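# Structural features, examined
The residues making up each chain are set out below.
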Amino acid sequence: MVQLLLVDDEIHVVERFSSTIDWMSLGIEHVYKAYSGLEALALLEQFSIDIVITDIRMPGMSGLELVGEIRNRWPKTKCILLSGYSDFNYAKEAIVHQTEDYLLKPVTEANLVETVQRVMGKLQREWEEINSKQRLAYALKENLPLLRGNLLHDLLQGRKLSHAALLEKMQMLELSHYLDQCFTLMLVRLEEYFLQYDAHSLSLLEYAIGNMVEELFGDKFDIWYTKDAHDYLAFLLKPKQTSDEADDSTWVERTAALLQSAVSTYLKGKVSILVSGQGRFPEDLAGLYTRSVGAFRRRIGSEHELFMRLGDAQALPETQSPQSLYEPPTLIHLLEAARWDRIEEKLHLIFDELETGYGGSQEHVLEAYFSIASAYAYIAHKNGKQLFDLIGSDYDKMTEGLPFRSVNQLKDWSLRTLKQIRQDMDQETKDSRSVLIKQIQWFIDQHIGQDVSLQTIADHVYLHPVYVSKIYKLETGDNLSDYVHRVRMDKAEFLLKNSQEKIYEIAARLGYQRPHSFNHAFKKQFGITPQEYRDQFS
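Residues numbered from 1 in each chain as written. Predicted model: local features only at pLDDT ≥ 70, side-chain atom pairs only at ≥ 80, totals over all residues. Heavy atoms only, no water.

Within the chain, the regular secondary structure consists of 26 helices and ten strands. Taking 24 Å as the expected radius of gyration for a compact globule of 538 residues, we find that the chain reaches 33 Å, considerably beyond that expectation. Dimensions of the chain, computed from C-alpha atoms along their principal axes, come out at roughly 100 × 65 × 40 Å. A separation threshold of at least 6 residues defines the contact pool for the chain, and within that pool the share at least 24 residues apart is 68%. Summing over all exposed atoms, the chain offers an accessible surface of approximately 28400 Å²; the carbon and sulfur share of this is 50%. Where the 59 positive side-chain charges of the chain centre and where its 78 negative ones centre are 2 Å apart. (Helix = DSSP H or I, 4+ residues; strand = E, 2+ residues; numbered from the N terminus. Rg over C-alpha atoms; globule rule 2.2 N^0.38 Å. Contact = heavy atoms within 4.5 Å. Areas by Shrake-Rupley, 256 points an atom, 1.4 Å probe, with all protein chains shown as cover. Lys, Arg positive; Asp, Glu negative; His and termini not counted. Charge placed at Lys NZ, Arg CZ, Asp CG, Glu CD.)

Listed below in structure tokens is the structure:
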């Protein structure tokens, strides 16, 4: 939806156009109002405004000066000039500042709407151009290394993608030649000297090491790499063709030694390297990675500048943990984002894995319980609540020596507790929004004859104007400006029927700067002028 800003030092002009045109039906989400160039700049700094309609002659900063500032700072914002002066010099300056149109006052609503619609059409065409396949392809190519690294990082951490989704990503990132191919995983740990650098400098050194790997291994391997969650550099090495050298562990070890030597000589630092046995992509990737990290921890440990090759025969037996419990997105991250459907889906994956993969092992049930319970406690505390207050008697299960003996018991408790946490969070959101709506409406009712602009209302409730506008619309189905208009019209009806105040006095009481604006708004609402309405009850 488009955001529009009206700027004019004649307040009645701004009020008339903001209140009498059905902007929402045109696709305008919100209309902001400013009564000087400086006020307009302040709004432009806060909000993403697409179209500015401004008068030329204003005290302080003129409309042309405002447009010039907009062109420098917000070049995608479109500007329409209004003026009561037909001097051609103004038109020439408007052309210089690349305004979209130049309308002479008095401007009719029909002419203004027509102009705005034309400008919106131009905006849409420009965004379509920005999102064109050609430009997206260029942007993709520019960010290809980063996107490739992100995908490999996710796959190493165990993120599961459907075959179709993975194929699409691999094709888009020009990596489809890795699919169903053999690969070797090489982990490189930066040590000693490297640890003194800040993040920016370290990233440059990591990039340099990546280039060294390309230089040393690139003749025989396609190389795809990323930085993992443990700050290791993880390189996926796929043989370019079947050759004895590519499969020769001696050649790989010798080349890894050259890499260590080059890093020491040219980057003045030490690295330890571990190379896995072969696997097939993608099914063996996460498993090989987990074993490699484990071997790094057990066999290299805190020693420096070591090399190790992890063959299948060298693998140490280890008790596996339920993969679905730890693969991203984690339960805590899903709770943070309140993605309730995904949370239930993940819990069912965990329980299914416990049943089918571990036979309901008591130790693995306990491991899953600790993980789920800690996630629940974390989100409760983050929301300022005690978990006991949220789940009541179910909390007792957590304090027992052996909370759950079976997967089904854990499943029932987990889903029931999740439901209680969700209900509490949903109710809290609903209550807080209900209170906010009441605060907004009370403020408008009490200050209808004063400044009840979106910014003033937002300041009163200590929230950002965009948030206030969207939440009000979400909760009530109306725009905030609709409520302001309705309150004014209701009070106008009452005062016209029950008071002896003059029309211009009623207009002032309701916040209209000029009686003309009040007359215009009232007639559009009721089909007759305020005086004609009053005459009906006299």
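Read on for the rest.
It is worth spelling out the confidence of the model for the chain at this point. Looking at the chain as a whole, the pLDDT averages 87, with 93% of positions reaching at least 70. For residues 312-316, every residue scores under 50 in pLDDT, and the model assigns this stretch seven contacts once sequence neighbours within four places are set aside. (pLDDT = per-residue confidence, 0-100.)

Two aromatic rings are characterised by how far apart their centres lie and by the angle between their planes. Within the structure shown, the criterion is met by 24 aromatic pairs. The interplanar angle of 90° and the centroid separation of 5.9 Å between the aromatic rings of Phe217 and Trp251 together place this pair among those described as edge-to-face. On the criterion of sequence distance, the pair formed by Phe217 in helix H10 (residues 199-217) and Trp251 in helix H12 (residues 249-266) is long-range, its members being 34 residues apart. The pair formed by Phe217 and Trp251 is uniform in burial state, with each residue classed as buried. On the numbers, 5.9 Å between centres and 40° between planes, the contact of Tyr376 with Trp413 is tilted. With a gap of 37 residues between them, Tyr376 in helix H17 (residues 362-382) and Trp413 in helix H20 (residues 407-446) connect regions that are remote in the sequence. On the basis of relative accessibility, which here comes to 0%, the residue Tyr376 falls in the buried class. On the accessibility criterion, Trp413 (0% relative accessible area) is buried. Through a chain of ring-to-ring contacts, three or more aromatic side chains come together here, namely Tyr512, Phe518, Phe522, Phe526, Tyr533 and Phe537. The ring of Phe17 has Arg16 lying over it, and the distance from NZ or CZ to the ring centre is 4.4 Å. Over the ring of Phe537 we find Lys497, and its NZ or CZ is 5.3 Å from the ring centre. (Phe/Tyr/Trp six-rings, centres within 6.5 Å; stacked < 30°, edge-to-face > 60°. Buried < 20%, exposed > 50% of the residue type's maximum accessible area, 1.4 Å probe, protein only. Lys NZ or Arg CZ within 6 Å of the ring centre and 35° of its normal.)

Another point: the nonpolar core. Among the nonpolar cores identified, the biggest contains 38 residues, and Leu5, Ile440 and Ile444 are the most heavily contacted of them. The element that contributes the greatest number of residues to this core is H20, accounting for five residues. In this structure Ile444 touches Val452, Ile457, Leu480, Tyr483, Val484 and Val487, once residues within four positions along its chain are discounted. The next biggest cluster of nonpolar side chains, apart from the first, holds 31 residues, and it includes Ile372, Leu390, Trp413 and Met425. (Core = buried A, V, L, I, M, F, W, Y, C linked by side-chain atoms within 4.5 Å.)

To continue, consider the sheet that holds strand E6 (residues 182-191). Here we have five strands laid out as an open sheet, ordered E7-E8-E6-E9-E10, and mixed in their pairing. Both outer strands of the open sheet, strand E7 (221-227) and strand E10 (307-310), are each paired with one neighbouring strand and no more. When the angles between neighbouring strand axes are averaged without regard to direction, this sheet yields 20°. Sheet topology note: the E7/strand E8 (residues 233-239) ladder contains seven bridges and is antiparallel. Note on E8: the bridge partner recorded for Lys227 is Leu233. Those strands touched by H10 are E6, E7, E8 and strand E9 (270-280), and its axis lies near 165° from that of E7. Strands in contact with H12 are E6, E7, E9 and E10; relative to E9, the strand with the most contacts, it is inclined by about 150°. (Pairing = 2+ DSSP bridges. Axes fitted to C-alpha atoms, helices over the stretch in contact; angles between N-to-C directions.)

Ordered by their spatial adjacency, five strands build an open sheet running E2-E1-E3-E4-E5, and the pairing between neighbours is parallel. If you trace the sheet from one side to the other, it starts and ends with strand E2 (28-34) and strand E5 (101-104), each paired once. Neighbour-to-neighbour, the strand axes of the sheet open up by a mean angle of 20°, direction not taken into account. By the bridge criterion, four bridges tie strand E1 (residues 2-7) to strand E3 (residues 51-55) in an arrangement that is parallel. By the bridge assignment, Leu5 is partnered in E3 with Val52.

Moving on: the pattern of salt bridges. Note on pairing: side chains with opposite charge can pair once their charged atoms come close. Throughout the structure, instances matching the rule amount to 24 salt bridges. Measuring nitrogen to oxygen at the nearest pair gives 2.6 Å for the salt bridge that ties Glu29 to Lys470. With a gap of 441 residues between them, Glu29 in strand E2 and Lys470 in helix H22 (residues 465-476) connect regions that are remote in the sequence. Residue class for Glu29 comes out partly exposed when judged on its relative accessible area of 23%. With its nearest N and O atoms 3.2 Å apart, the salt bridge here joins Glu336 to Lys382. You can see Glu336 sitting in helix H15 (residues 331-336) and its partner Lys382 sitting in helix H17, a full 46 residues away along the chain. A single salt-bridge network, built from bridges that share partners, covers Asp8, Glu10, Asp55 and Lys105. (Salt bridge = Lys/Arg side-chain N within 4 Å of Asp/Glu carboxyl O.)

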